[in-house]
Amino acid sequence: MIAGSGQLKPHALRESVRFFARPEVGARSPSEVGPYSKLQDVLIFSGFRYHGIIEFMGRIIMYGSMAGVELGCTLITVLLAWIAGNKASNLVYAGSGRRLRQSIRSTFIIAGTASVFAVAVLAGIFIIAATKPSVYWEDRVLINAPLIGVPLLAVWCYSVPALRRVMRILPPESGAPDAGIRGKLSAPGVVVPFQAAAVGAATALYFVLAAPFPLQPLDAASPLFVCVLAIVGMWMLHDRRWQRVSRPDAPFAGRTRRRTLGKLGALALGFAVMLAAVASGASASRLPDRLDMASGPMDFGGGTVLSHDTSRAVSVAMMTGPREEKPDRRITLTAERKTVRLASGKEIEAWTFNGEVPGPELRLKQGELVEVTLANKDIEAGVTLHWHGLDVPNAEDGVAGATQDAVMPGQTHTYRFRAEQTGTFWYHSHQDSQEAVSKGLFGALIVEPAQSGPTDPSVRDIVVLSHLWSGSSGFAIGTDSGVRRETVKPGTPVRLRLLNTDNWVRQRYRLAGTPFRVAAIDGTELNEPQELRNAELQLTTGGRYDVTFTMPDRPVFLSVGGSTEVGLLMSPDGTGDVPTLSPPASVFDPLHYGKPASTPFHADSAFDRSFRMILDNNLGFYDGQFDFVYTINGRLFPDTPMFMVKEGELIKVTIVNRSAVDHPMHLHGHHALVLSRNGEPSDGSPWWTDTLDVLPGDTYEIAFRADNPGIWMDHCHNLTHAAAGMSMHLMYEGVSTPYTIGTATVNQPE
Ligand code: C2O
Ligand code: CU
């Protein structure tokens with residue numbers, strides 16, 4: 001992060017609020033096939049008759065909310081079990097039979113309440129196990145469930161009955177309990193299960209909250225070891241006390257000072273261990289000063305091992321677009337700071353291209369050779385230009401530290417590429433992208449088909465770039481923070497190009513007043529899209545939907561964000577009222593939309609490599625900061641493995657979202673074909689994507705041809721996630737980079 005650039009590190013609190021308050025999309029089919037077995041299959045196989053109920057529960061209870069409930073209930077279990085453990089351990093000091101009876105009762109009540117929450121956690125684990133592939137639950141079933149369940153069993157099967165027996169032999173009033181009763185109350189077998197329930201739940205909480213998945217053997221073993229050690233230690237302490245207090249000549253109670261001191265000591269020890277763990281975690285997470293993106297841990301996706309001899313590799317700097325030919329278009333984009341006024345009158349301190357936010361709309365023709373000169377006037381953090389969704393040669397991809405150095409104030413950089421794809425794309429800075437994009441360094445990039453002459457001039461082509469401006473400025477279409485009006489003659493074919501440039505927000509759109517079609521996703525036209533009525537469109541950050549319809553003779557309103565406050569009102573004469581919105585009938589889902597068409601490969605193709613990308617979240621450190629972090633295969637950048645490929649290979653990636661929030665995964669330089677979601681094949685129009693919204697609990701299989709050599713970022717387009725390490729890259733064999741990232745360089749891609 002560049003000093004003084006007002007960094008916007010994700011905030012643990014804000015993240016945790018979102019963790020629980022995440023908007024949900026309609027229920028999804030829990031039917032899963034593929035490489036992971038389901039408990040449900042086992043149950044059905046073994047004649048379990050209620051799988052229909054489980055399937056139904058899995059359908060209505062979303063994985064993301066379940067993960068949130070799991071966290072909350074585990075936390076409450078720890079707290080209540082800890083209180084119950086304390087009470088159970090203090091029973092022996094009760095001054096009278098009456099008080100003892102009361103204390104035993106309240107211990108039961110608290111332990112009972114803790115058990116309700118614990119059972120909720122176990123039930124949640126059961127539902128996940130019954131409805132999801134094992135990658136979602138193997139740790140939960142093998143580690144968390146026993147940690148919570150076993151001590152609980154001991155409490156209810158042994159400790160509670162033992163205490164009830166004591167209650168039966170208690171004289172109703174009487175003085176202090178005698179040594180016999182004290183012995184029964186303080187037996188380790190009676191007290192320790194209560195405390196073990198707290199320690200077990202606390203260890204489970206660690207696994208829920210802080211352990212990255214997939215678990216490395218040491219990651220899993222060390223907390224379990226600490227847990228067992230703590231329980232054994234408690235057992236030994238209780239055993240000593242038991243022998244002491246159950247001697248007939250033992251003095252009653254007393255020793256309270258020593259008890260308090262002992263507890264304080266244990267607390268201090270626990271605290272010291274935690275501090276040490278925090279300090280070592282923080283320092284271990286510090287990023288190196290200088291890092292070469294072409295080196296790092298490698299994943300070969302089950303394919304042949306690829307040599308990675310960078311000394312004989314081709315530099316990405318050589319992988320440019322046409323450098324000699326005369327360009328068809330020359331464009332200059334100058335990055336500069338400027339105060340920009342939104343339509344609402346609010347002013348924002350923006351980072352602009354050519355003084356505008358969003359930057360100028362670039363409209364290219366397919367096949368055109370464009371030359372874009374990027375100049376940085378005064379953006380101290382530096383700037384680059386990344387052509388999001390356009391599969392340009394690697395040297396033109398604009399990733400600071402991977403394909404170029406960040407362009408610092410006073411410097412320029414020239415990009416040259418041929419626009420080969422048609423459709424809706426966008427450009428944005430890929431230096432400090434989290435801050436740059438949120439402040440305005442982005443714009444629309446449209447590539448029109450090449451036909452000679454202008455493309456059908458009768459089509460009204462409107463770009464709707466939605467953005468969340470900083471502070472209280474809220475959503476806007478560009479800078480239109482209210483309702484924008486357009487005059488459109490009835491009968492006119494209209495194409496709305498929806499682009500979501502927000503950070504974090506899965507944007508919702510509604511089109512009122514006309515049926516419509518989703519004509520393209522992420523710049524690729526769909527095959528025979530059907531007409532939709534009153535469907536809500538949900539567009540992930542970085543994603544694009546093209547919506548088409550024929551203008552009726554009444555107003556049509558595009559709502560952005562689900563309300564009537566921000567949107568686009570199209571009407572025959574530019575006037576008219578914003579219609580009221582009825583609740584959406586459905587949420588658009590591309591999985592079965594449109595008609596199949598032939599694709600260069602499909603689910604049954606022979607893949608050269610199959611990678612698995614497991615997305616998860618936990619509390620942890622990134623670059624010395626404590627945060628909610630989002631991991632890929634249990635790691636944060638630069639420890640995330642590079643997916644190694646060779647030019648020409650066919651690649652399959654299975655993306656699993658175990659976390660509680662959605663992650664729009666964006667692969668640079670390639671378009672991937674969606675093969676399936678949760679085992680359900682994509683059987684509508686071929687669905688090509690560059691930014692795939694992977695919701696909690698969803699498993700996608702996608703495939704692409706490795707046909708564009710270089711180093712290509714593959715990251716979450718919730719840019720706060722990417723900036724906190726949710727980033728990796730696709731690495732071609734035999735490629736190297738002369739650029740580096742880190743604090744010793746100017747480059748900070750995210
Ligand atoms: Cu739109 Cu790597 O980003
Ligand atoms: Cu993410």
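Residues numbered from 1 in each chain as written. Chains lettered and ligands numbered in written order. Predicted model: local features only at pLDDT ≥ 70, side-chain atom pairs only at ≥ 80, totals over all residues. Heavy atoms only, no water.

## Comments concerning the overall build of the chain
What counts is decided by this rule: Think of it this way: any DSSP run of H or I at least four residues long counts as a helix, any run of E at least two long counts as a strand, and we number them from the N terminus. With a 1.4 Å probe rolled over the protein chains alone, any residue whose accessible area is under 20% of its type maximum counts as buried; one over 50% counts as exposed, and the rest are partly exposed. Contacts are assigned to residue pairs with any non-hydrogen atoms lying within 4.5 Å of each other. In these tables, accessible area is a Shrake-Rupley quantity obtained with a 1.4 Å probe, and a residue counts as shielded only by the protein chains included in the view.
A count of helical and extended segments in the chain gives 12 helices and 35 strands. When each of the 750 residues of the chain is scored for burial, the buried share is 55%. A sequence separation of at least 24 residues applies to 79% of the contacts in the chain between residues at least 6 apart. Approximately 30600 Å² of the chain is accessible, and the part contributed by carbon and sulfur atoms is 59%.

## Quick notes on the coordination of the copper ion (ligand 2)
For a metal with four tetrahedral donors the ideal donor-metal-donor angle is 109.5 degrees, while six octahedral donors give ideal angles of 90 or 180 degrees. Filter applied, for reference: Donor selection uses N, O and S atoms within 2.8 Å of the metal (3.2 Å for Na, K and Ca). Since no water is included, sites may look incomplete.
Around the copper ion (ligand 2), the donor atoms from the protein are H663 (ND1), C716 (SG) and H721 (ND1), and they sit 2.0 Å away. Along the chain, the residues donating to the copper ion (ligand 2) fall in the pattern H-x52-C-x4-H. With H663 in strand β27 (residues 663-667) and H721 in helix α12 (residues 719-723), the pair connects residues that are 58 residues apart, well separated along the chain. Just as H663 is buried, H721 falls in that class too.

## Observations concerning the pattern of salt bridges
The cut-off we apply is this: One speaks of a salt bridge when a side-chain nitrogen belonging to Lys or Arg is within 4 Å of a carboxyl oxygen belonging to Asp or Glu.
If you walk through the whole model with that rule in mind, you get 32 salt bridges. In this structure, E486 and R484 form a salt bridge, with 3.3 Å as the shortest nitrogen-oxygen distance. Between R497 and D546 there is a salt bridge, and its shortest N-O distance comes to 3.3 Å. Remark: D546 occurs in strand β19 (residues 544-550) and R497 occurs in strand β14 (residues 493-500); sequence separation between them is 49 residues.

## Focus on unusual backbone geometry
Between F213 and the following residue, P214, the backbone shows a cis peptide bond with an omega angle of 0°. Here V357 and P358 are connected by a cis peptide whose omega angle stands at -20°. Inspection of the secondary structure assignment puts P358 in the loop between β4 (347-353) and β5 (362-365). Its identity as a non-glycine residue notwithstanding, E528 has a phi of 45°, on the positive side. As for its placement among the helices and strands, E528 is situated in the loop between β17 (524-525) and β18 (535-539). Among the residues examined, E528 registers a relative accessible area of 52% and is labelled exposed.

## Re the packing of helix α6 (residues 138-169) against helix α7 (residues 179-186)
Packed helix pairs are specified by the crossing angle of their axes together with the interaxial distance, meaning the distance between the axes. So the rule is basically this: The axes are straight lines fitted to the C-alpha atoms, using for helices just the contacting stretch, and the angles between their N-to-C directions are given from 0 to 180°. In this scheme, roughly parallel covers angles under 35 degrees and roughly antiparallel covers those over 145, while 65 to 115 is roughly perpendicular and the rest are oblique. In this scheme the crossing of two helices becomes right-handed for a clockwise turn of the near helix relative to the far one and left-handed for an anticlockwise turn of less than a right angle. Charged means Asp, Glu, Lys or Arg here, nonpolar means Ala, Val, Leu, Ile, Met, Phe, Trp, Tyr, Cys or Pro, and polar covers whatever is left, Gly included.
Remark: α6 packs on α7, axes separated minimally by 9 Å, with the N-to-C direction vectors making an angle of 160°. Judged by the angle between their axes, α6 and α7 are roughly antiparallel. Seen along the crossing, α6 lies across α7 with a hand that is left-handed. Here α6 contributes L163, V166 and I169 to the contact with α7, which in turn contributes I181, K184 and L185. For the contact of α6 with α7, the per-class residue count stands at five nonpolar, no polar and one charged.

## As for the pairing of strand β3 (residues 329-341)
Our working rule: Strands pair, by our definition, only if DSSP identifies at least two bridges between them.
Where β3 lies against strand β6 (residues 369-376), seven bridges are found, and the strand directions are parallel. Along β6, the bridge assignment pairs I331 with V372. Pairing of β3 with β4, which is carried by seven bridges, proceeds in the antiparallel orientation. In the strand pairing of β4, E336 is matched with T352.

## Thoughts on the packing of aromatic side chains
Put simply, the test is: Two aromatic rings, drawn from Phe, Tyr or Trp (for Trp, its six-membered ring), form a pair once their centres lie within 6.5 Å of each other, and the interplanar angle then sorts them: stacked below 30 degrees, edge-to-face above 60, tilted otherwise. Any Lys NZ or Arg CZ found within 6 Å of a ring centre and within 35 degrees of that ring's normal is scored as a charge over the ring.
Under the defined criterion, the tally for this structure stands at 15 aromatic pairs. Measuring from ring centre to ring centre gives 4.2 Å for F611 and F643, while their planes differ by 15°; the resulting arrangement is stacked. One end of the pair, F611, is in strand β23 (residues 609-622); the other, F643, is in strand β25 (residues 642-645), with 32 residues separating them in the sequence. Each member of the pair, F611 as well as F643, is classed as buried. On the basis of an interplanar angle of 85° and a centroid distance of 6.1 Å, the ring pair of W687 and Y700 is categorised as edge-to-face. Taken together, the residues W687 in the loop between β29 (680-681) and β30 (688-689) and Y700 in strand β32 (residues 699-705) connect sequence positions 13 residues apart. The pair formed by W687 and Y700 is uniform in burial state, with each residue classed as buried. The structure contains a cluster of three or more aromatic residues connected by ring pairs, namely F353, W387, Y415, F417 and Y427. The side chain of K132 reaches across the aromatic face of Y136, ending 5.2 Å from its centre. The ring of F213 has R658 sitting right over it, with the charged end atom 3.6 Å from the ring centre.

## Some thoughts on the sheet that holds β6
An order of β4-β3-β6-β8 is seen for the four strands of this open sheet, with the pairing classed as mixed. Looking at strand neighbours, the two that pair on one side only are β4 and β8 (412-418), the edges of this open sheet. Taking the axes of each pair of neighbouring strands and ignoring which way they run, one obtains an average angle of 25° across the sheet.

## Notes on the environment of V191
Note on placement: V191 falls in helix α8 (residues 188-209). Taking the C-alpha atoms as reference points, V191 and V160, 31 residues apart in sequence, are found 9.7 Å from one another. If we ignore the near neighbours within four places in the chain, the residues touching V191 are A88, S89, L185, S186, H238 and R241.

## Side note on the nonpolar core
Spelled out, the test is: Here the nonpolar core consists of buried residues drawn from Ala, Val, Leu, Ile, Met, Phe, Trp, Tyr and Cys, with membership extended through side-chain atoms lying within 4.5 Å. An automatic or database domain assignment is the source of the domain bounds shown.
The biggest cluster of nonpolar side chains holds 71 residues, and the ones touching the most others in it are L496, L498, V518, L558 and M570. Taken domain by domain, the makeup of this core includes at least three residues from each of domain 4 (291-318 + 598-741) and domain 6 (456-588). In this structure, L558 is in contact with V464, L496, L498, Y509, R510, L511, V566, G567, L568 and M570, ignoring residues within four places of it in sequence.

## Some remarks on the sheet that holds strand β31 (residues 691-694)
Here we have six strands laid out as an open sheet, ordered β1-β25-β34-β33-β27-β31, and mixed in their pairing. One side of each edge strand has no neighbouring strand; the edge strands of this open sheet are β1 (298-299) and β31. Alignment of β27 against strand β33 (residues 711-716), held across three bridges, turns out to be antiparallel. By the bridge assignment for β33, L667 is matched with D714.

## Description of a nonpolar patch on the surface
The following threshold applies: Within the patch definition used here, like charges are joined within 9 Å and nonpolar side chains (Val, Leu, Ile, Met, Phe, Trp, Tyr) within 5 Å, considering only residues with over 30% relative accessible area and no salt bridge.
A cluster of nonpolar side chains, L75, I76 and L79, forms an exposed patch at the surface whose accessible area comes to about 250 Å². Mapped onto the elements of the fold, L75 is located in helix α4 (residues 63-90).

## Structural notes on the side chain of N657
What counts, and what does not: Think of a polar contact as two N or O atoms within 3.5 Å of one another; within protein, one of them needs to be a possible hydrogen donor and the other a possible acceptor, and neighboring residues in sequence only count if both atoms come from side chains.
You can see N657 is positioned in strand β26 (residues 650-657). Here the side chain of N657 touches S659 through a polar contact of 2.7 Å, side chain to side chain. In terms of polar contacts, N657 uses its side chain to reach the backbone carbonyl oxygen of L695, at 3.4 Å. Not counting residues up to four positions away in its chain, the partners in contact with N657 are Y63, Y136, L615, D662, H663, V694, L695, P696, G697 and D698.

## With respect to α6
Heads up, the condition is: By this rule the span expected of a helix is its residue count minus one, scaled by 1.5 Å. The quantity called bend is, for any residue, the angle between two axes fitted respectively to the seven residues ending at it and the seven beginning at it.
For α6, built from 32 residues, the straight-helix expectation of 46 Å at 1.5 Å per residue is met to within 8% by its first-to-last C-alpha distance of 46 Å. The sharpest bend along α6 comes to roughly 40°, located at P146.

## Quick word on a positive patch on the surface
The criterion, for reference: This count recognises Lys and Arg as positive and Asp and Glu as negative, with His and chain-terminal groups excluded. Note on charges: their place is set at NZ of Lys, CZ of Arg, CG of Asp or CD of Glu.
Taken together, R164, R165, R168 and K184 make up a surface patch of like positive charges. Per element, the largest residue contribution to the positive patch is three residues, and it comes from α6. Counting through the fold element by element, R168 comes out in helix α6.

## Describing the confidence of the model for the chain
Our working definition: Every residue gets a pLDDT, meaning the predictor's confidence in that residue, from 0 to 100.
Within the chain, residue pLDDT values average 87, and 89% of them lie at 70 or more. Within the chain, helix α1 (residues 12-21) has the poorest average pLDDT of any element, 40, and β30 the best, 98. Low confidence marks residues 1-38, where pLDDT is under 50. Its contacts with residues over four positions away, or in another chain, come to 99 contacts. In the model, residues 40-51 has pLDDT below 50 throughout and makes 10 contacts with residues more than four positions away in sequence or in other chains.

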